[in-house]
Amino acid sequence: MSDRPSFAKGVRFRTASDGSALLLVPEGALTLNGSAAAALELVDGTRTLDDIAAALVDQFDVTQEDARRDVSELFSRLAQRQFVLL
Amino acid sequence: MNEPRAMSILCELTYRCNLQCPYCYNPLDLENYRDELDAATWIRVLEEAAGMGIVQAHFSGGEPTLRRDLVKLVAAASQAGLYTNLITQGTFLGDDTLDALIAAGLAHVQISIQAPSAALGDKIAGTRVHEQKFDALTRVAARDVALTLNCVLHRENIDAIEDVIATAERYGIRRLELANVQFYGWAYRNRLALMPAREQVQHAAQVVESARERLHGRMEITYVLPDYFGDFPKPCMNGWGRTFLTVTPNGYVLPCPAAAAIRTLQFENVRDRSLADIWNTSAAFEAYRGTAWMPEPCRSCARKEVDWGGCRCQAYLITGDAGVTDPACVFSGDHARIEAMREGTATAAYEPRRMASSARR
């Protein structure tokens with residue numbers, strides 16, 4: 001997984017004052033759960049999906065295998081909706 | 001039921017506009033909104049909005065680019081952490097303005113067209129602007145900002161829907177919003193001329209369905225069936241005072257952009273009170289918030305938290321009472337009035353949207 005995800009035009013990651021995280025997109029907002037927020041917070045166009053998965057292993061109690069699978073699923077879903085570019 | 005939580009603010013910066021679209025939802029008494037909020041007040045409002053947890057700021061009007069301080073307001077919104085969206089007809093989007101707006105943090109631009117062809121587009125707009133709009137589209141699409149193309153559909157242009165989609169495709173548009181006209185403000189005044197025939201609406205739905213299939217992954221098309229041809233009302237604003245508020249050019253805070261038409265409510269102004277105070281306690285916001293206000297048939301209806309009683313403004317315009325079930329609902333005692341309203345006529349002429357001059361008053 002060497003893809004380096006970046007946000008599509010008009011897509012912004014935001015953390016609210018109460019700690020909740022949102023992905024703001026044209027005409028909408030997606031509420032993010034903890035691991036999705038942790039993953040999306042790392043999107044900067046230079047980190048790879050592997051880098052992001054590795055960070056989740058450190059942060060949450062998951063195996064590397066599960067983290068890779070979750071990250072891959074999350075980003076392919078977001079790419080399908082044109083919110084991230086892979 | 002979820003607690004109300006404001007998520008979006010619609011900033012109607014001005015009702016001035018160089019176009020005269022007969023489907024505009026702005027109020028008829030446009031001249032009463034000339035006393036516009038200054039930049040300092042708008043910036044205070046935007047900061048208050050961010051402070052109460054609002055995440056999106058939409059800048060609209062009228063034509064918001066007629067405000068010379070637009071860039072400053074977009075910058076203030078972005079700095080406050082708000083997602084910024086510009087809703088424009090695109091006739092004043094020069095390169096310099098665009099670049100300044102994007103540098104100020106603008107995330108999304110929504111440009112509206114009136115029709116796919118200049119002849120029809122300029123007729124509906126009441127002025128020659130079609131070419132400028134398409135020029136703006138090209139320049140926005142080339143920049144680092146999201147773009148949505150919008151076209152309001154009504155009797156006069158809905159049959160051109162296939163051509164609207166083809167045009168969007170030609171311009172590489174990724175997001176297309178095909179919005180059936182809603183009958184508020186000028187559109188309500190012009191409803192006889194604008195009301196599409198049922199066959200037109202059905203044909204449009206079929207065209208959209210096949211286009212969605214064909215363009216899957218390339219273009220996202222939003223198309224909502226108008227509620228006056230359906231059985232149930234739209235969940236207007238996702239419920240009155242639940243997630244959304246509008247600030248008018250002169251500072252009044254409304255639960256819905258069309259709500260100023262409801263003469264039985266007293267709206268409050270950001271010049272007098274903070275945005276959060278108005279949202280939390282003003283009588284106008286409390287009036288139809290949640291479900292406790294609902295009369296029958298809403299009160300005992302399984303859909304009451306699906307469509308929230310429908311639209312208060314539509315209920316008021318059609319029945320004179322903002323507190324009854326939206327007549328668009330088949331269970332409404334006033335549903336016959338919606339059925340009667342469906343009878344548009346191809347021969348009716350519309351009145352162009354205009355701000356009355358002081359001489360006319």
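Just above, that's the structure.
Here is a short report on the structure shown in this document.

Cut-off values and rules
Counting from 1, residues in each chain are numbered in the order their sequence is written. Ligands are numbered from 1 and chains lettered from A, in the order in which they are written. Since the coordinates come from a predicted model, pLDDT governs what is reported: local features require at least 70, and pairs of side-chain atoms require 80 or more to be given and counted, while whole-chain, interface and lining totals use all residues. Numbering of helices and strands runs from the N terminus, with a helix taken as a DSSP run of H or I at least four residues long and a strand as a DSSP run of E at least two residues long. Within these notes, the globule rule equals 2.2 Å times the number of residues to the 0.38 power, and the radius of gyration is based on C-alpha atoms. Working definition of burial: number of other C-beta atoms within 10 Å of the residue's own, with buried at 20 or more, exposed at 12 or fewer, and partly exposed in between, all C-beta atoms being placed from the backbone. By definition, residue pairs are in contact when their C-beta atoms, positioned from the backbone, come within 7 Å. Classification used: nonpolar for Ala, Val, Leu, Ile, Met, Phe, Trp, Tyr, Cys and Pro, charged for Asp, Glu, Lys and Arg, polar for all others including Gly. DSSP-based pairing: two strands are paired if at least 2 bridges between them are found. Axis definition: a line fit to C-alpha positions, over the contact stretch in the case of helices; interaxial angles, taken between N-to-C directions, run 0 to 180 degrees. Any nonpolar core is a set of buried residues, restricted to Ala, Val, Leu, Ile, Met, Phe, Trp, Tyr and Cys, that join up through C-beta atoms within 7 Å. For the handedness criterion, the strands are oriented away from the viewer, and a crossover whose path from the first strand over the helix to the second runs clockwise is classed as right-handed. An expected span of 1.5 Å times one less than the residue number is assigned to each helix. The arc in question is traced by the directions running from the helix axis to the C-beta atoms. By definition in this entry, angles of less than 35 degrees are roughly parallel, angles greater than 145 are roughly antiparallel, angles of 65 to 115 are roughly perpendicular, and the rest are oblique. If you view the pair so one helix is near and one far, a crossing is left-handed when the near helix is turned anticlockwise from the far one by less than a right angle, and right-handed when it is turned clockwise.

## Let's talk about the overall build of chain B
Here is step 1 of the chain: Helix and strand counts for chain B stand at 14 helices and 10 strands.
Here is step 2 of the chain: At 20 Å, chain B has a C-alpha radius of gyration in line with the 21 Å of a compact globule built from 361 residues.
Here is step 3 of the chain: Put simply, chain B has 361 residues, and 49% of those count as buried.
Here is step 4 of the chain: Of all intrachain contacts in chain B linking residues separated by at least 6 positions in sequence, the fraction that spans at least 24 positions is 73%.

## Re the overall build of chain A
Here is step 1 of the chain: A count of helices and strands for chain A gives 3 helices and 5 strands.
Here is step 2 of the chain: Its helices and strands taken in sequence order, chain A reads β-β-β-β-α-α-α-β from the N to the C terminus.
Here is step 3 of the chain: Taken over C-alpha atoms, the radius of gyration comes to 12 Å for chain A, in line with the 12 Å a tight globule of 86 residues would show.
Here is step 4 of the chain: When burial is assessed residue by residue, chain A has 29% of its 86 residues classed as buried.
Here is step 5 of the chain: In chain A, the share of contacts with a sequence separation of at least 24, taken over all contacts with a separation of at least 6, comes to 49%.

## Things to note about the interface of chain B and chain A
Here is step 1 of the chain: Listed by partner, the interface residues are 14 residues for chain B and 11 residues for chain A.
Here is step 2 of the chain: Looking at the side of chain B that touches chain A residue by residue, the class counts come to 6 nonpolar, 5 polar and 3 charged.

## Things to note about the sheet that holds strand β2 (residues 12-15) of chain A
Residue and element names in this part refer to chain A.
Here is step 1 of the chain: Strands sit in the order β2-β3-β4 across an open sheet of 3 strands; the sheet is antiparallel. In the strand order of this sheet, the two ends are held by β2 and β4 (28-32), each with one partner. Within this sheet the neighbouring strands show an average axis-to-axis angle of 25°, counted without direction.
Here is step 2 of the chain: Where β2 lies against strand β3 (residues 21-25), 4 bridges are found, and the strand directions are antiparallel. Pairing of R14 across the sheet is with L22, part of β3.

## Topic: the nonpolar core
Residue and element names in this part refer to chain B.
Here is step 1 of the chain: Within the largest apolar cluster, 128 residues are counted, with the highest numbers of intra-cluster contacts made by A187 and C313.
Here is step 2 of the chain: Among the elements that line this core, the one with the most residues is helix α2 (residues 70-79), at 7 residues.
Here is step 3 of the chain: In this view, C313 contacts Y184, C256, A258, A259, A261 and I262; residues no more than four positions away in its chain are not counted.

## Description of the pairing of strand β4 (residues 108-113) of chain B
Residue and element names in this part refer to chain B.
Here is step 1 of the chain: Burial of β4 is extensive: 5 of the 6 residues sit out of reach of the surface.
Here is step 2 of the chain: Pairing of strand β3 (residues 83-88) with β4 involves 4 bridges; the strand directions are parallel. Residue T88 lies in a different strand from β4, and its bridge partner there is I111.
Here is step 3 of the chain: With helix α3 (residues 95-103) bridging β3 and its parallel neighbour β4, the resulting β-α-β unit is right-handed.

## Notes on helix α5 (residues 130-141) of chain B
Residues and elements named next belong to chain B.
Here is step 1 of the chain: Over its 12 residues, α5 extends 17 Å from the first C-alpha to the last, a length consistent with the 16 Å expected when each residue adds 1.5 Å.
Here is step 2 of the chain: Residues H130, K133, A136, L137 and V140 constitute the buried set of α5. One side of α5 holds all its buried residues, which, seen down the axis, span an arc of 120°. Exposed side of α5, more than 90 degrees from the buried face: E131 and T138 are the residues found there.

## Points about the packing of helix α2 (residues 49-59) of chain A against helix α3 (residues 64-80) of chain A
Residues and elements named next belong to chain A.
Here is step 1 of the chain: Viewed as axis vectors pointing N to C, α2 and α3 meet at an angle of 125°, and their least axial separation amounts to 8 Å. Between α2 and α3, the interaxial angle falls into the category oblique. Helix-helix and strand crossings are classified by hand; for α2 and α3 the assignment is right-handed. Contacts between α2 and α3 involve L49, I52, A53, L56 and V57 on the former and, on the latter, Q64, A67, R68, V71, S72 and F75.
Here is step 2 of the chain: Here the residues of the contact of α2 with α3 are counted per class, giving 8 nonpolar, 2 polar and 1 charged.

## What about the sheet that holds strand β6 (residues 175-180) of chain B?
All names here are of chain B.
Here is step 1 of the chain: Strand order in the open sheet formed by 10 strands is β7-β6-β5-β4-β3-β2-β1-β8-β9-β10, with mixed pairing between adjacent strands. Pairing within the sheet leaves two strands with one partner each, and these edge strands are β7 (220-224) and β10 (268-269).
Here is step 2 of the chain: Pairing of strand β5 (residues 146-153) with β6, which is carried by 5 bridges, proceeds in the parallel orientation. Note on β6: the bridge partner recorded for L153 is N180.
Here is step 3 of the chain: Along the sheet, α5 makes contact with β4 and β5, crossing β4 at roughly 155°.

## Some words on the pairing of strand β1 (residues 8-12) of chain B
For a regular strand, the rule is simple: side chains alternate between the two faces of the sheet.
All names here are of chain B.
Here is step 1 of the chain: Of all 5 residues in β1, 4 are buried; the element is thus mostly enclosed.
Here is step 2 of the chain: The β-α-β motif built from β1, the intervening helix α1 (residues 39-51) and the parallel element strand β2 (residues 56-60) has right-handed crossover chirality.
Here is step 3 of the chain: Here 4 bridges tie β1 to strand β8 (residues 244-247), and the two strands are oriented parallel to one another. Counterpart to L10 in the pairing with β8 is T246.

## Observations concerning the environment of R198(B)
Here is step 1 of the chain: Its location among the elements puts R198(B) in helix α9 (residues 198-214).
Here is step 2 of the chain: Accessibility expressed as a C-beta count within 10 Å gives 12 for R198(B), which makes it exposed.

## Notes on the environment of N150(B)
Residues and elements named next belong to chain B.
Here is step 1 of the chain: Along the chain, N150 falls in strand β5.
Here is step 2 of the chain: Judged by local crowding, N150 falls into the partly exposed class, with 17 C-beta atoms found within 10 Å.
Here is step 3 of the chain: For the pair N150 and V164, spaced 14 residues apart in sequence, the C-alpha separation works out to 9.6 Å.
Here is step 4 of the chain: If we skip the residues at most four places from it in the chain, N150 touches Q110, I111, S112, E177 and A179.

## Quick word on α2(B)
Residue and element names in this part refer to chain B.
Here is step 1 of the chain: The buried fraction of α2 amounts to 7 of the 10 residues, a majority that puts the element mostly inside the structure.
Here is step 2 of the chain: Within α2 the residues assigned to the buried category are L70, V71, L73, V74, A75, A76 and A77.
Here is step 3 of the chain: Summarising the contacts, the buried residues of α2 are in contact with α1, β2, β3 and α3.
Here is step 4 of the chain: Residue G81 follows α2 closely and has a positive phi angle near 95°.

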